[in-house]
Amino acid sequence: MTEIDQTIYKRLTPSLKSLTQRGLAGWMVIAGCIIVLSIVIMTILSPWITPYDPSALNVGPLRTPPSMQFPLGTNHLGQDMLSRILSGGGNMLLVALLSVTICLLIGVPIGLVASYIGGAVDKILSLIMDSIYAFPGLVLAIVIAAMLGRGVVNMALSIAVVYVPSYFRIVRSHVLTIKELPYTQAARAIGAKGYTIVLSYILPNLIPSIVSVATINFADAILTAAGLTFVGLGLEKDIPDWGWDLTDGRMLLPSGAWWVITFPGIMIVLLALGFTLIGEGLSDLLNPRLDH
Amino acid sequence: MLLLSFVFLIVRVLPGDPVLLHFEKAASPETIESMRVRLGLDKPLLNQYFDYFLGLLHGDLGKSMQDFSPVGQQIFSAFPATLELAIFSMIIAAGLGIVLGIRSSKSYNSFQDHAIRMFGTVMYAIPIFFLGMLFQMVFGVGLHWFPTGGRIYPGMDPDGLSLGNIQFSTGLYTVDSLLEGDLLKFAQSLRYLFLPSLTLGLVLCGVFIRMTRSNMLEILRLDFVTAAKARGLKERTVLYSYAFRNAFLPVLTMMGLQFAVLLGGAILTETTFSWPGLGRYLVDRINFRDYTAIQGDIVFFGLLVALVSLVVDILYAYLDPRIRL
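Chemist: Explanation requested: the overall build of chain B in the structure shown.
Modeler: Secondary structure assignment for chain B yields 13 helices and two strands. Within chain B, the fraction of its 325 residues that count as buried is 42%. By sequence separation, contacts in chain B at least 24 residues apart represent 69% of the contacts at least 6 residues apart.

Chemist: Where do I start with the overall build of chain A in this structure?
Modeler: Along its length, chain A carries twelve helices and zero strands. Along the chain direction, N to C, the helices and strands of chain A fall in the order α-α-α-α-α-α-α-α-α-α-α-α. In terms of overall dimensions, chain A has C-alpha extents of about 75 × 45 × 30 Å along its principal axes. The buried share of chain A, reckoned over its 292 residues, is 46%. Looking at chain A alone, contacts between residues at least 24 apart form 71% of all its contacts between residues at least 6 apart.

Chemist: What is the right way to look at the interface of chain A and chain B in this model?
Modeler: For interface size, the figure often reported is the accessible area lost on association. Opposite the 38 residues of chain A that make contact, chain B presents 37 residues. Mapped by element, the contributors of at least two residues to the side of chain A that touches chain B are α6 (119-134), α7 (137-148), α10 (194-230) and α12 (258-286) of chain A. The residue inventory of the side of chain A that touches chain B, partitioned by class, reads 29 nonpolar, seven polar and two charged.

Chemist: Would you explain the nonpolar core in this entry?
Modeler: Nonpolar side chains in soluble globular proteins tend to end up buried together. One finds A:Val139, A:Ile142, A:Ile159, A:Ile222, A:Ala225, A:Ile268 and A:Ala272 to be the most contacted residues of the largest nonpolar core, which totals 154 residues. Residues within four places of A:Ile222 in sequence aside, it is in contact with A:Met92, A:Ala96, A:Ile268, A:Leu271 and A:Ala272.

Chemist: Sorry if this is basic, but what is going on with α10(A) here?
Modeler: Owing to its 3.6 residues per turn, the α-helix aligns residues three or four sequence positions apart on the same side. Residues and elements named next belong to chain A. Here α10 is 37 residues long, yet its end C-alpha atoms lie only 46 Å apart, well below the 54 Å a rise of 1.5 Å per residue gives. Largest kink in α10: about 50°, centred on Leu-203, with the proline Pro-204 one to four residues after it. Just downstream of α10 lies Gly-232, where phi reads positive at about 95°.

Rules and cut-offs
- Residues numbered from 1 in each chain as written.
- Chains lettered and ligands numbered in written order.
- Predicted model: local features only at pLDDT ≥ 70, side-chain atom pairs only at ≥ 80, totals over all residues.
- Helix = DSSP H or I, 4+ residues; strand = E, 2+ residues; numbered from the N terminus.
- Buried ≥ 20, exposed ≤ 12 C-beta atoms within 10 Å, placed from the backbone.
- Contact = placed C-beta atoms within 7 Å.
- Nonpolar A, V, L, I, M, F, W, Y, C, P; charged D, E, K, R; others polar.
- Core = buried A, V, L, I, M, F, W, Y, C linked by C-beta atoms within 7 Å.
- Expected span 1.5 Å × (residues − 1).
- Bend = angle between axes of the 7 residues up to and from the residue.

As structure tokens, this is what we get:
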């Protein structure tokens, strides 16, 4: 392991103790991890801990406010909101995970290749990526999602299209700098092949930035997924989903049934907030430019 | 242009036939076929593409596949609503973001700084429509302070300026009502505008807080700031007239970039508040697979974003004479 690798790994795998000593940024990462992990664990355990079947209709009276029997109330179909909250995160997590993976698998290699080769390839790819980047993301996602139709993969794809350029840009800007650094030049001088330079000399240095972009991207993907659901392009309705609960709750607004929208909404906020905290904290820790 | 071709392909190649949706399966094959011819859907894809592109050069966005009226007209009638929402939310987002960002940088690493940063982060994580619904619930349904949807009372639409036979209206209700000289209408349109723009503005302000804060932190460290302080100028003057002037340019760039995000957010805000703008138009038309309308809307969004970035570039040169050369 080279020295640079070591510092990177040190930064990437900070011990809990060192995190608490890094001020606000460290605490942001810790808080974010706790939030995200609890939601993931809650969702995984949900089949065993929900008091009622989350999809069962009329388990209680329609639109009951929170009570002892239904701690978070029931919705307009008489479904138990607590059970739906406990199990409703699965789709969103899955879509976000898939879309971030797609982004990583497409954005990073394209960015590496384009910026390392340069020339016409770089120009064309940059042009495409920049035009996608400049366009209102949600509009693009909505149109693509509408055309692809429902489904977890389709939704993840339409979200991924919007965010691939972010990865491309960050990878490209880093590679352009690293490419000219003496150690990369030295590698080239001793005859290392192109792919060796890219994979072993350049890529490891990019990992910190990519990780922090990807975590914030998780939050973006979750918010975009919720947005797609809100305009009616969500997944099938038979699986409990916070996005759908929130969307359906809109009809109940005039009746004053606040519990139907408040709880799913808070869950989405928490999940997105968890990822944002991790992402922002990490990027602060990795770029200590403003620390002093 | 590139994006347009991409969208054209995606919209046309993927499944879902607008003609069939239009008739809801009740039409005979002949009627369906004649409708195809009428919409030009019988021609090969390449021809359709060139037809559309030629039309676009003349400013013709084609006819809607749902109600056969020109898409351009529909877009222009929906645009002022979106523009009004966009302007007011941008004012809220940038204003709030800049003020909070400056305060945050002034008290770097203090409790106030942390609190403002957390506020920005939380705002970033709230789905726009959730915030909108919370506002509707609290200020609309609960307190009855603000209406929960629409642009103005039905039938109260302002007419704009009328001098004899000349009619002039911008479609921006706040401007039109002032032109008309009707303060009641002005107050009403502001009331209707308040919650949607507050929602969109709050969600966007996080980016401005972060941008202002980090730029201010860089600049507050420079010598001229210390010099200004040493001369005994008020802290306020140093912060706003000296430091922020120099931190403003990157924030301005951010405003240009955020405009695209704002348009995306406007879709959700418009849907939440039944605001009759471009975003709701897009969502409505997608449900009908109205290809031409979707394309038109997207082309228009693209032009808008390009126009805004041009304006930002020009402003940039105006504000920073170093770039003008």
